Amino acid sequence: MENVGEVEVIIPGDEERNAPQCPHGPAVLFQVKSGKRFYACSACRDRKYCSFFQWESEKVSEERLHAREEQNRLKKPLFTHTQYCRRFREFVSLPLDQRRFCVDCQLLLLPDEWSAHASHRALSDDITVARLRRPSLLLRALENKKSNAQYLFADRSCHFLLDVLSGLGYRKVLCVGTPRLHELIKIRSTEDKTRAMKSLLLDIDFRYSQFYPQDEFCHYNMFNHHFFDGKEAVEVFMDFLTERDGNKVVMVTDPPFGGLVKLLGHTFSNISHTWRRLQGNDSGGSQMPIIWIFPYFFEPRILDCFPAFTMLDYQVDYDNHPLYKQGTTGRKQSPVRLFTNLSPRDVVLPEEEGYRFCSVCKRYVSAENRHCDVCNACTSKNGRPWRHCAECGRCVKPSWRHCSPCGRCVLPDHRCGQTGCYNCGDPGHKHKACPLKHKKTVQSVKGESRHDSNERTAKKRKNKNAHRNKKKKVT
Ligand SMILES: C[S@@+](CC[C@H](N)C(=O)[O-])C[C@H]1O[C@@H](n2cnc3c(N)ncnc32)[C@H](O)[C@@H]1O
Ligand SMILES: [Zn+2]
Ligand SMILES: [Zn+2]
Ligand SMILES: [Zn+2]
Ligand SMILES: [Zn+2]
Ligand SMILES: [Zn+2]
Ligand SMILES: [Zn+2]
């Protein structure tokens, strides 16, 4: 398992859904280069957080199955969602001076539980109803980098998203991994009842069950489309997706950036299919409106899953991200963008932040994203002005220079001629001789850094585009 190198995800057909279960629901089938297959956790890429592993062909003893079931049981939340709701009602009926939140256990405490948490850090001042409406401020943001870093939207980005969606007439938002957006929708809807929107949050962070009733939150895993509370939760989800009285639904998702795109794509198409089925004849074969928030260098992978999506230039800001937050020294540019099947011209980006409309591309673009007449597009991906390279036949980052020996634009200080194959990274051959060249891209699971492999895939696609452009010019 440790030295598996590149590994491919196998998406099961509906008929073969008998994967073993880890605490995060059905495990995912992966395939090693040699063809051998194994099951591993869908949600945690780090074995430290979920060590589930089983070869596909492995016979698991009764004893191990029991131990596994016991493990799964132990990992369950302390209370059921129904119990959490009852506790919440009791909590808000308490006078202010009896409201306590255990910081260590991340739990709203009832008075008869105080003694059991006596040695824990507690928060006891002013847990008002207003504060309870903002659980994302009360809860500690999860920090597990590989699978569950909880980067919360800055107000600027959150309000922007909501203004766009409400302006486009959406009345229901399916929030997949966007607790702060969910929270803001609810707050806004109590403040302005005329433009009220509904929201359903699907998130793996069950701490939110303490604050929201069953029709507003489902404990959910977006990597295997698993509802932890079974049939009841699925019904809530289906009911939410059903549009009645012209109340249109849109989905907004901001998955952890380390997640496997292929699995996410599979889940989101699944949700979209369910939506279409539920609208019956009314959907007219249309797609469920989706906004998928993810870094720009994942564009090729997202377009592989959803070719009709467009990446918009809007830079999403986070409150608690060390790199992407707007700071006093000026904002480091966030690499996070919106990928969507909404019509790009309808998503008006704020002029006061410098975005402008490109009438050729028919979308709003960053201030410095110039329209390239040769590519016939606003080509910058990172918000900085890109430069057209005639030899490559495409626009490139401004810091890159064309290198003749390498036959492409590269960073000036690259190890010329020694970089090997930029398709697979092997120093022993050039990309033209790459044995993996025609193989479908795999997103590695272990071994190399995710970012490196993303960059490489992005390069591959850019190269493909360059070829296409060259061909165009010839004909
Ligand atoms: C990058 S954060 C996005 C938060 C969002 N920016 C906000 O402010 O509302 C990722 C979110 O996805 C959730 N998440 C992580 N892994 C998940 C999984 N496997 N299934 C469902 N949700 C998950 C996290 O709990 C977190 O809320
Ligand atoms: Zn797991
Ligand atoms: Zn405690
Ligand atoms: Zn343009
Ligand atoms: Zn160009
Ligand atoms: Zn070049
Ligand atoms: Zn070179």
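Predicted model, so just to flag it, every value in this text is computed and none were measured. (Residues numbered from 1 in each chain as written. Chains lettered and ligands numbered in written order. Predicted model: local features only at pLDDT ≥ 70, side-chain atom pairs only at ≥ 80, totals over all residues. Heavy atoms only, no water.)

Draft legend 1. Quick peek at the coordination of the zinc ion (ligand 5). For the zinc ion (ligand 5), the protein coordination sphere consists of C372 (SG), C375 (SG), H388 (ND1) and C395 (SG), at 2.0 to 2.3 Å. Between the 4 donor atoms coordinating the zinc ion (ligand 5), the angles at the centre fall across 102 to 118°, so the site counts as tetrahedral. Sequence spacing of the donor residues for the zinc ion (ligand 5), all on one chain, is C-x2-C-x12-H-x6-C. Residue C372 is located in strand 22 (residues 371-372), and its partner H388 is located in strand 24 (residues 387-389); the two are separated by 16 residues in the primary sequence. (Donors = N, O, S within 2.8 Å, 3.2 Å for Na, K, Ca; no water. Tetrahedral: all angles 85-135°; square planar, octahedral: opposite > 155°, others 65-115°. Helix = DSSP H or I, 4+ residues; strand = E, 2+ residues; numbered from the N terminus.)

Draft legend 2. Expanded view of the sheet that holds strand 8 (residues 107-109). Spatial strand order, 8-7-9: 3 strands in an open sheet with antiparallel pairing. The open sheet has two edge strands, strand 8 and strand 9 (122-123), and neither has a second partner. Pairing of strand 7 (residues 100-102) with strand 8 involves 3 bridges; the strand directions are antiparallel. Opposite F101, over in strand 8, you have L108 as the bridge partner. (Pairing = 2+ DSSP bridges.)

Draft legend 3. Representation of the site of ligand 1 in the model. Surveying the vicinity of ligand 1 reveals 23 residues, the closest of which are Y151, F153, R180, D203 and D254. Note that an oxygen atom of ligand 1 is positioned 3.0 Å from one of the side-chain N or O atoms of Q150. Residue P179 places a main-chain N or O atom 3.0 Å away from an oxygen atom belonging to ligand 1. Coverage of ligand 1 by the protein amounts to 99% of the 600 Å² it exposes when considered alone. Examining the composition of the shell around ligand 1, we find that 3 residues originate from one element, helix 6 (residues 179-191), more than from any other. Across the shell around ligand 1, the residue classes tally to 13 nonpolar, 6 polar and 4 charged. (Near = heavy atom within 4 Å. Polar contact = N/O pair within 3.5 Å; in protein donor to acceptor, adjacent residues only side chain to side chain. Areas by Shrake-Rupley, 256 points an atom, 1.4 Å probe, with all protein chains shown as cover. Nonpolar A, V, L, I, M, F, W, Y, C, P; charged D, E, K, R; others polar.)

Draft legend 4. Spotlight on the pattern of salt bridges. Under the counting rule described, the total for this entry stands at 17 salt bridges. A salt bridge links E56 to R37, with the nearest nitrogen and oxygen atoms 3.7 Å apart. Taken together, the residues span a long stretch of sequence, with E56 in the loop between strand 6 (53-55) and helix 1 (62-74) and R37 in strand 5 (residues 37-40) at a distance of 19 residues. For R244, the salt bridge is made with D239, and the minimal N-O distance between the two is 2.7 Å. A relative accessible area of 42% places R244 in the partly exposed class. Linked by salt bridges that have partners in common, R156, D317 and E353 make up one network. (Salt bridge = Lys/Arg side-chain N within 4 Å of Asp/Glu carboxyl O. Buried < 20%, exposed > 50% of the residue type's maximum accessible area, 1.4 Å probe, protein only.)

Draft legend 5. Focus on the packing of aromatic side chains. Counted under the stated rule, the structure contains 25 aromatic pairs. Between Y151 and Y318 the ring centres are 6.3 Å apart and the planes differ by 65°, which places this aromatic pair in the edge-to-face class. On the criterion of sequence distance, the pair formed by Y151 in the loop between strand 11 (148-149) and helix 5 (155-167) and Y318 in the loop between strand 18 (310-312) and strand 19 (336-340) is long-range, its members being 167 residues apart. The exposure class of Y318 is buried, given its relative accessible area of 1%. Judged by centre distance (5.7 Å) and plane angle (25°), the ring pair of F153 and Y318 falls under stacked. (Phe/Tyr/Trp six-rings, centres within 6.5 Å; stacked < 30°, edge-to-face > 60°.)

Draft legend 6. Here's a closer look at the nonpolar core. Core analysis: the biggest nonpolar cluster contains 97 residues, and L174, L181 and I293 have the highest contact counts within it. If we skip the residues at most four places from it in the chain, L174 touches L200, L202, F237, F240, L241, V250, M251, V252, I271 and M288. With 5 residues, the next largest nonpolar core counts C389, C392, V396 and W400 among its residues. (Core = buried A, V, L, I, M, F, W, Y, C linked by side-chain atoms within 4.5 Å. Contact = heavy atoms within 4.5 Å.)

Draft legend 7. The UniProt feature "domain: CTCHY-type" (unreviewed entry) in the protein chain, seen in detail. When the UniProt feature table is mapped onto this chain numbering, "domain: CTCHY-type" (unreviewed entry) sits at residues 353-417. The distance separating the terminal C-alpha atoms of residues 353-417 is 42 Å; by composition the span is 0% helix and 34% strand. (UniProt positions renumbered as here; feature names shortened; annotations may be inferred.)

Draft legend 8. Up close: the coordination of the zinc ion (ligand 3). Protein coordination at the zinc ion (ligand 3): the donors are C102 (SG), C105 (SG), H117 (ND1) and H120 (ND1), at 2.0 to 2.2 Å from the metal. Geometry at the zinc ion (ligand 3) is tetrahedral, judged from the 4 donor atoms that bind it and their angles of 103 to 117° at the metal. Along the chain, the residues donating to the zinc ion (ligand 3) fall in the pattern C-x2-C-x11-H-x2-H. Highlighted residues: C105 in the loop between strand 7 and strand 8 and H117 in the loop between strand 8 and strand 9, separated in sequence by 12 residues. Residue classification places H117 among the buried residues on the basis of a relative accessible area of 14%.

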